[in-house]
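# Observations on chain architecture
Letter by letter, the chains look like this.
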Protein chains: 2
Amino acid sequence: MNNKAMYNLSYGLFVLTARENEKDNGCIVNTVAQVTTSPNRILVAVNKNNYTHGMILRTGEFNVSILTERAAFDTFKHWGFQSGSDVDKAVGITFRRADNQLIYLTEETNAYISAKVISTTDLGTHTLFLADVTDAEVLSDDPSVTYSYYQQHIKPAPAKTAKKGYICTVCGYIYEGDPLPEDFICPICKHPASDFKPL
Amino acid sequence: MNNKAMYNLSYGLFVLTARENEKDNGCIVNTVAQVTTSPNRILVAVNKNNYTHGMILRTGEFNVSILTERAAFDTFKHWGFQSGSDVDKAVGITFRRADNQLIYLTEETNAYISAKVISTTDLGTHTLFLADVTDAEVLSDDPSVTYSYYQQHIKPAPAKTAKKGYICTVCGYIYEGDPLPEDFICPICKHPASDFKPL
């Protein structure tokens, strides 16, 4: 068994937003898929460590902003590398509100989808949300970014360093120290030690 | 609401294979995603009209062969445009058997994944299979094909014709006649009339 085979699955990258008690928040996700066209339904798997996860679980609503190849690394850092429990991610961001009053991103995106959760499945580390699409609009004709494009063209190469440490191959987070604890979980993207490689 | 927004979601393309009573079969799917890494689990949504769907439902096992950008249109025709109820799709194909005895494709692929179903969710037109990954191997380093790449580089442009009709924007099937019935379902890829445009 070679787990690297899993890396060959293709994904898009999305900003998943939610709103609860007038607080807006969002995170980066890669698993959004349309599963049926009649009715129009999508699913998304969300890591329970994401602050957005609990907001969606409680409110039953989310928006998906589809990121394009023009998305800057800073966009991924903003939505993916910090938690809504520490910062207000809506500050300094250009957005609009959809009919459901949740925000969606109008820059570096080509479409947004509003959805209402109809069922949740507990997957252990993640929750799978199945949802009815309640609204959707095209925003530009820029190509959607794929995870593979992000890895090759957007994520910066790690700086050359004499430091001992490990880099998360998923998000680029650097663990300074050696060895990397076997049960280490990336504080940024929540991937396990097996997704790290030595600097 | 603009349903074209749904087209901006990114997908890979895969040959999903199953085996029942010594009969091998497979179909093309686009919704395979890893949803958790510990344990290693994937999901796939399969149209109930696919012969492979029933085989997986009954046997609880499937393989995913990840197609690359080198995949020929004939490969999509072979696995996607005909039914296992009419033909033996394993004939004339280069394949190997994984440990689970199901076939996987060794050409125009970069990896395969073997999986065992742990739960099924009825989505109406489709069934969502959640499955444990039991085996996975890398086969080449060719880039995975995305649905968008297939649309732009693999699917042939429709032949110029004076005929009246409608073309399925998903698979390229041509309906000869006008108007297209509102309840028309593409006989090839099972998408509804809303996914057709006039020739």
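Residues numbered from 1 in each chain as written. Chains lettered and ligands numbered in written order. Predicted model: local features only at pLDDT ≥ 70, side-chain atom pairs only at ≥ 80, totals over all residues. Heavy atoms only, no water.

Moving on, we come to the environment of K23 of chain A. Residues and elements named next belong to chain A. The topology assignment puts K23 in strand β2 (residues 23–29). Sequence spacing of K23 and K89 is 66 residues, and the spatial spacing of their C-alpha atoms is 9.5 Å. Sequence-distant contacts of K23, defined by excluding residues within four places in its chain, comprise A18, Y51, M55, G84 and V87. In this structure the side chain of K23 is engaged in a polar contact, spanning 3.0 Å, whose partner is the backbone oxygen of G84. (Helix = DSSP H or I, 4+ residues; strand = E, 2+ residues; numbered from the N terminus. Contact = heavy atoms within 4.5 Å. Polar contact = N/O pair within 3.5 Å; in protein donor to acceptor, adjacent residues only side chain to side chain.)

Let us now look at empty space enclosed by the protein. Across all of its chains, the model carries two cavities of 30 Å³ or more by this definition. Counted as a void, the largest cavity has a volume near 110 Å³. Contributing to the lining of the largest cavity are 16 residues, with Y11, V32 and A33 of chain A together with V32 and A33 of chain B lying nearest its centre. Those elements that provide at least two residues to the lining of the largest cavity are β3 (32–36) of chain A together with β3 (32–36) of chain B. Across the lining of the largest cavity, the residue classes tally to eight nonpolar, eight polar and no charged. Roughly 50 Å³ of volume is contained in the second largest cavity. Forming the boundary of the second largest cavity are T121 and L128 of chain A together with L43, S119, T121, L128, F129 and L130 of chain B. The greatest single-element share of the lining of the second largest cavity, amounting to three residues, is contributed by strand β9 (residues 126–138) of chain B. Split by residue class, the lining of the second largest cavity holds five nonpolar, three polar and no charged. (1 Å grid on protein atoms, 1.4 Å probe; cavity = no way out; pocket = protein on both sides within 12 Å on 5 of 7 lines; lining within 4 Å. Points joined across faces, edges and corners; volume = space filled by probe spheres on them. Nonpolar A, V, L, I, M, F, W, Y, C, P; charged D, E, K, R; others polar.)

Moving on: the domain arrangement of chain A. Residues and elements named next belong to chain A. Per the domain assignment, the segments of chain A are domain 1 (3–149) and domain 2 (157–198). Taken residue by residue, the interface counts six residues in domain 1 and six residues in domain 2. Summing the contributions of domain 1 and of domain 2, the shared interface buries around 550 Å²; its carbon and sulfur component is 49%. For the pair domain 1 and domain 2, the number of links is zero salt bridges. (Domains from an automatic or database assignment. Buried area = accessible area lost by both parts, 1.4 Å probe. Salt bridge = Lys/Arg side-chain N within 4 Å of Asp/Glu carboxyl O.)

What follows deals with helix α2 (residues 73–80) of chain B. One turn of an α-helix holds 3.6 residues; hence residues three or four places apart share an orientation. The complete set of buried residues in α2 of chain B reads F73, T75, F76, H78 and W79 of chain B. Against β1 (14–20), β2 (23–29), β5 (61–67), β7 (103–105) and α3 (147–154) of chain B lie the buried residues of α2 of chain B. (Buried < 20%, exposed > 50% of the residue type's maximum accessible area, 1.4 Å probe, protein only.)

As a further point, take the interface of chain A and chain B. Residue-level contacts link 46 residues of chain A with 46 residues of chain B. Between chain A and chain B, roughly 3,600 Å² of surface is buried when both sides are summed, and carbon and sulfur atoms account for 65% of that area. In terms of surface lost to chain B, no three residues of chain A exceed M1, M6 and N8 of chain A, which account for 17% of the buried area on that side. Put simply, chain A and chain B have zero salt bridges between them. Run the count over chain A and chain B and you get twelve residue pairs in polar contact (both at pLDDT 80 or more). Contributions of two or more residues to the side of chain A that touches chain B are made by β3, β4 (41–47), β8 (109–122) and β9 (126–138) of chain A. The leading source of residues in the side of chain A that touches chain B is β9 of chain A, at nine residues. Partitioning the side of chain A that touches chain B into residue classes produces 24 nonpolar, 19 polar and three charged.

Moving on, we get to helix α2 (residues 73–80) of chain A. The buried fraction of α2 of chain A amounts to six of the eight residues, a majority that puts the element mostly inside the structure. Among the structural elements, β1 (14–20), β2, β5 (61–67), β7 (103–105) and α3 (147–154) of chain A are those in contact with the buried residues of α2 of chain A.

All names here are of chain A. Reading across from one edge, β2-β1-β5-β8-β9-β4-β3 is the order of the seven strands in this open sheet, with antiparallel pairing throughout. Strands with a single pairing partner mark the edges of an open sheet, and in this sheet they are β2 and β3. Geometrically, the sheet is characterised by an average inter-axis angle of 35° between neighbouring strands, direction not taken into account. In the sheet, β1 pairs with β2 via seven bridges, with the strands oriented antiparallel. Counterpart to L16 in the pairing with β2 is C27. (Pairing = 2+ DSSP bridges. Axes fitted to C-alpha atoms, helices over the stretch in contact; angles between N-to-C directions.)

What follows deals with the packing of aromatic side chains. Residues and elements named next belong to chain A. Counted according to the given criterion, the structure contains 14 aromatic pairs over all chains. Judged by centre distance (3.7 Å) and plane angle (15°), the ring pair of Y104 and Y112 falls under stacked. On the accessibility criterion, Y104 (6% relative accessible area) is buried. Y112 gets classed as buried once you look at its relative accessible area, which sits at 5%. In textbook terms, an aromatic cluster arises when at least three aromatic residues are bridged by ring pairs, as seen for F73, F76, F81, Y147 and Y150. (Phe/Tyr/Trp six-rings, centres within 6.5 Å; stacked < 30°, edge-to-face > 60°.)

This part takes up the pattern of salt bridges. Applying the stated criterion across every chain yields a total of 18 salt bridges over all chains. For E61 of chain A, the salt bridge is made with K116 of chain A, and the minimal N-O distance between the two is 3.6 Å. Separated by 55 residues along the polypeptide, E61 of chain A in strand β5 and K116 of chain A in strand β8 bring together distant segments of the chain. The exposure class of K116 of chain A is partly exposed, given its relative accessible area of 44%. We note a salt bridge from D24 of chain B to R19 of chain B, for which the minimum N-O separation is 3.1 Å.

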